[in-house]
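Structural overview for review
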Amino acid sequence: MQSSMSLSLSSPSPITRSDCATADGPSYSLAPRSLRFCGLRKETFGFKSLNSPNSARFVPSVKKLRSKKVLASLSGNGTPSKGFDYDLVIIGAGVGGHGAALHAVEKGLKTAIIEGDVVGGTCVNRGCVPSKALLAVSGRMRELQNEHHMKAFGLQVAAAGYDRQGVADHANNLASKIRNNLTNSMKALGVDILTGVGSIVGPQQVKYGKVGFTDTVITAKDIIIATGSVPLVPKGIEVDGKTVITSDHALKLEFVPQWIAIVGSGYIGLEFSDVYTALGSEVGTNMPFQVTFVEALDQLMPGFDPEIGKLAQRVLINPRKIDSHTGVFASKITPAKDGKPVIIELIDAKTKEPKDTLEVDAALIATGRAPFTSGLGLENINVETQRGFVPVDERMQVIDTNGKLVPHLYCIGDANGKMMLAHAASAQGISVVEQVSGKDHVLNHLSIPAACFTHPEISMVGLTEPQAREKAEKEGFEISVTKTSFKANTKALAENEGEGLAKLIYRPDSGEILGVHIFGLHAADLIHEASNAIALGTRIQDIKYAVHAHPTLSEVLDELFKSAKVIS
Ligand SMILES: Cc1cc2nc3c(=O)[nH]c(=O)nc-3n(C[C@H](O)[C@H](O)[C@H](O)COP(=O)(O)OP(=O)(O)OC[C@H]3O[C@@H](n4cnc5c(N)ncnc54)[C@H](O)[C@@H]3O)c2cc1C
Ligand SMILES: NC(=O)c1ccc[n+]([C@@H]2O[C@H](COP(=O)([O-])OP(=O)(O)OC[C@H]3O[C@@H](n4cnc5c(N)ncnc54)[C@H](O)[C@@H]3O)[C@@H](O)[C@H]2O)c1
């Protein structure tokens, strides 16, 4: 069934390693539509990590693996549906593709995953994983530097310092470890990991191949596109990877600038502001340190519930070495050169009139992400992207230019733009696998939580208050809002972390939870009680009788549900 064909013009352009900005990292060029792949890293794989905490989450239990087909796939010899090389082929081995692959094996599907760069994609190599390693360090630095906080515990700590390379190594080592775990978990289950750039040749047909080599064509009963995204760099901004950078560069922590402008105050901007303000100037330089936000909308953190945004401004922005310019676009950014600083030209977001010019040491561009879907051969199946995103229905099935569903073709994760989060990508992949193995499944995106890992953290699920009010008005129902504070929580006070708020937006007539927003210690972990309740359709009148251990932070949510007034 497998056949070979030579590289066609629709394949992403062949490149050599010398095209890469750095030899050791993934080699995405900064323009979203010209993402390229460099040579794949050689890795040796053991199978030990089946027992590792990370892979444990994804690996089905031995009991579940006992079906004949699944056992066959353990040895890499699963039996595909008649007439196909595979039951399922996934293009892209990021967290979305990985989640789908593991669930497919559990369902007994003969599965292959095609990866053109390194396994793990953005999240593992250039996103969630290294950024959380940096944030783990910034959290500790922040705490150790807070004399008042330490004194309140009766602790005395000598001046805290850090070794930049040591911090960078921590992030890099963690990414390698998780990447190996992901790779091993797929190998151990017999998923065929095919290396090369994949694209669609026709219905149920995919080709893949390393640049410069002949492509291989394979057939699959079902295909999932999971090709992810790259940093979005607005026109007029020149990224040199040194003084004007994206998160891809910033995560390597090659230097900590004295004064950095962060363009965009969404997730990436906010998390990096937490890192930079905690690390401050590098040890020994004794220079003043400053972060300057440049945000197009009229307020910082425009994506959050406004009340949570205000609290975040009071705690995460105002007391720190951060200033901001809001309602302005960075229309032109020129990297530092010949002793001149980075120059940022700002224009009014509404009138487009010139507003200001900033001179800083570095600029981090955190203005969103663009789907990576070029060169995928979508034209071969009559599909056109919309602003680069692959159009899909609520089951992630791809829609063609006539508005019809393309049989056996799905797109998950950042590439479809529904929700650019790692766990959303993975959940969409699992949902698709459920469908292709015969069980209808629609993922409720309103039950997917999100979190920003600042200190303290911010988390949310469902609608913000303005969104809920708009929906209520349209559909003709009432909403109520209730809040609890971390100040009354024993555990939070024991930790000297009483600054926090949980907010519940709900329907008083039915007890339906519409949205929950938390700002405070471990908010990212606390949100799951609410997101699971939304996913399972649990009403407030039921969840309020659930018992929480004392003293725990989860009692903040217990109080929250108990304080709601449901009529029925
Ligand atoms: C700095 C940063 C921090 C983040 N932190 C978080 C966080 O804390 N929590 C969270 O939930 N999300 C976070 N995200 C978002 C998260 O990383 C993404 O939502 C997630 O990685 C999307 O997964 P994906 O599988 O859709 O795509 P990706 O992870 O981008 O993976 C796509 C894969 O497909 C491969 N590929 C692309 N085209 C082809 C092709 N034609 N052939 C073969 N292979 C191909 C790529 O090489 C890549 O490996 C963060 C993102 C960034 C940038
Ligand atoms: N903890 C997490 O879950 C996490 C962390 C990092 C990233 N992510 C994901 O990665 C994606 C990208 O994150 P992000 O922070 O880059 O995007 P974002 O969409 O969260 O924020 C981008 C911000 O940049 C502003 N902006 C856009 N263009 C601008 C311009 N020219 N000048 C000034 N401001 C401008 C926007 O108004 C917005 O506030 C997000 O979708 C997010 O879901 C998630």
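These notes cover the structure that comes with them. Predicted model only: the values in this text are computed from it and were never measured.

Close contacts around ligand 2 come from 25 residues, with E271, E295, G368, M420 and A451 the closest. A distance of 2.8 Å is found between a nitrogen atom of ligand 2 and a side-chain nitrogen or oxygen belonging to E271. Take A451: an N or O atom from its main chain is 2.7 Å from a nitrogen atom of ligand 2. In isolation ligand 2 offers 850 Å² of accessible surface; the protein chains occlude 79% of this area. Taken together, the elements giving at least two residues each to the shell around ligand 2 come down to α9 (267-279), β11 (290-295) and β13 (328-334). Classifying every residue of the shell around ligand 2 by side-chain character gives 16 nonpolar, five polar and four charged.

This part covers the side chain of D222. As for its position among the elements, D222 is in strand β7 (residues 215-225). Here the side chain of D222 touches H408 through a polar contact of 3.0 Å, side chain to side chain. Filtering out sequence-adjacent residues up to four positions away, D222 remains in contact with D87, L88, V89, H408, Y410 and V436.

This brings us to the site of ligand 1. In the vicinity of ligand 1 there are 40 residues, among which E115, T122, K132, G198 and D414 approach most closely. Between ligand 1 and the protein, one listed contact pairs an oxygen atom with a backbone N or O atom of L421 at 3.2 Å. Looking at the shell around ligand 1, the elements with two or more residues in it are α3 (95-106), β3 (111-115), α4 (121-126), α5 (128-145), β5 (197-202) and α11 (422-436). No other element matches the four residues that α4 contributes to the shell around ligand 1.

Our next topic: a nonpolar patch on the surface. Where nonpolar side chains cluster on the molecular surface, the patch consists of L144, F153, L155 and V157 and spans about 310 Å² of accessible area. Tracing the sequence through the fold places L144 in helix α5.

Before going further, it helps to examine the sheet that holds strand β24 (residues 513-520). Pairing is antiparallel across the open sheet formed by five strands, whose spatial order is β20-β21-β24-β23-β22. Two strands close off the open sheet at either side, each with one partner strand: β20 (450-452) and β22 (480-485). With direction set aside, neighbouring strand axes in the sheet form an average angle of 10 degrees. Taken strand by strand, helix α17 (residues 555-563) contacts β22, β23 (501-506) and β24, and its axis lies near 150 degrees from that of β22.

The subject of this paragraph is the sheet that holds strand β14 (residues 342-348). Pairing in this open sheet of three strands is antiparallel, and the strands run β13-β14-β15 from one edge to the other. Each of the sheet's edge strands pairs with one partner strand only, and the pair in question is β13 and β15 (354-360). The average undirected angle you get between the axes of adjacent strands in this sheet is 25 degrees. Two elements, β13 and β14, share six bridges in a ladder whose sense is antiparallel.

Let us now look at the packing of aromatic side chains. If you walk through the whole model with that rule in mind, you get two aromatic pairs. Between Y267 and F304, the ring centres sit 5.9 Å apart and the planes meet at 75 degrees, which makes this aromatic pair edge-to-face. On the criterion of sequence distance, the pair formed by Y267 in helix α9 and F304 in the loop between β11 and α10 (306-317) is long-range, its members being 37 residues apart. For Y267, a relative accessible area of 32% puts it in the partly exposed group. Accessibility expressed as a relative area gives 7% for F304, which makes it buried. For the cation-ring pair, R507 lies above F477, with the distance from its terminal atom to the ring centre recorded as 3.9 Å.

Among the six residues of strand β21 (residues 457-462), five are classified as buried, and the element is accordingly described as predominantly covered. Linking two consecutive strands that pair antiparallel, namely β20 and β21, is a turn of four residues.

Time to look at the state of the cysteines. Under the definition given, this model contains one disulfide. Distance from the sulfur of C411, which forms no disulfide, to the nearest cysteine sulfur (C123) is 17 Å. By relative accessible area, C411 is classed as buried at 0%. Not part of a disulfide, C452 finds its nearest cysteine sulfur in C128, a span of 12 Å.

Turning to the packing of α5 against α9, a few remarks are in order. Two elements in contact, α5 and α9, have axes separated by 8 Å at closest approach and are oriented at 45 degrees. On the basis of the axis angle, α5 is oblique to α9. Regarding α5 and α9, the two cross each other, and that crossing is left-handed. Taken together, the residues of α9 that come into contact with α5 (itself represented by S131, K132, L134, L135, V137, S138, M141, R142 and Q145) are E271, F272, S273, D274, V275, T277, A278 and L279. Per-class residue counts for the contact of α5 with α9 are eight nonpolar, five polar and four charged.

A few words on the side chain of S131. Checked against the element boundaries, S131 lands in helix α5. Looking at S131, the relative accessible area reads 10%, which means it is buried. In terms of polar contacts, S131 uses its side chain to reach the backbone carbonyl oxygen of G127, at 2.9 Å. Non-local contacts of S131, meaning those with residues more than four positions away in its chain, are made with L251 and E271.

What counts and what doesn't
Residues numbered from 1 in each chain as written. Chains lettered and ligands numbered in written order. Predicted model: local features only at pLDDT ≥ 70, side-chain atom pairs only at ≥ 80, totals over all residues. Heavy atoms only, no water. Near = heavy atom within 4 Å. Polar contact = N/O pair within 3.5 Å; in protein donor to acceptor, adjacent residues only side chain to side chain. Areas by Shrake-Rupley, 256 points an atom, 1.4 Å probe, with all protein chains shown as cover. Helix = DSSP H or I, 4+ residues; strand = E, 2+ residues; numbered from the N terminus. Nonpolar A, V, L, I, M, F, W, Y, C, P; charged D, E, K, R; others polar. Contact = heavy atoms within 4.5 Å. Patch = residues over 30% accessible without salt bridge, like charges linked within 9 Å, V, L, I, M, F, W, Y side chains within 5 Å. Salt bridge = Lys/Arg side-chain N within 4 Å of Asp/Glu carboxyl O. Pairing = 2+ DSSP bridges. Axes fitted to C-alpha atoms, helices over the stretch in contact; angles between N-to-C directions. Phe/Tyr/Trp six-rings, centres within 6.5 Å; stacked < 30°, edge-to-face > 60°. Buried < 20%, exposed > 50% of the residue type's maximum accessible area, 1.4 Å probe, protein only. Lys NZ or Arg CZ within 6 Å of the ring centre and 35° of its normal. Disulfide = S-S within 2.5 Å. Parallel < 35°, antiparallel > 145°, perpendicular 65-115°, else oblique. Left-handed = near helix turned anticlockwise from the far one by under 90°.

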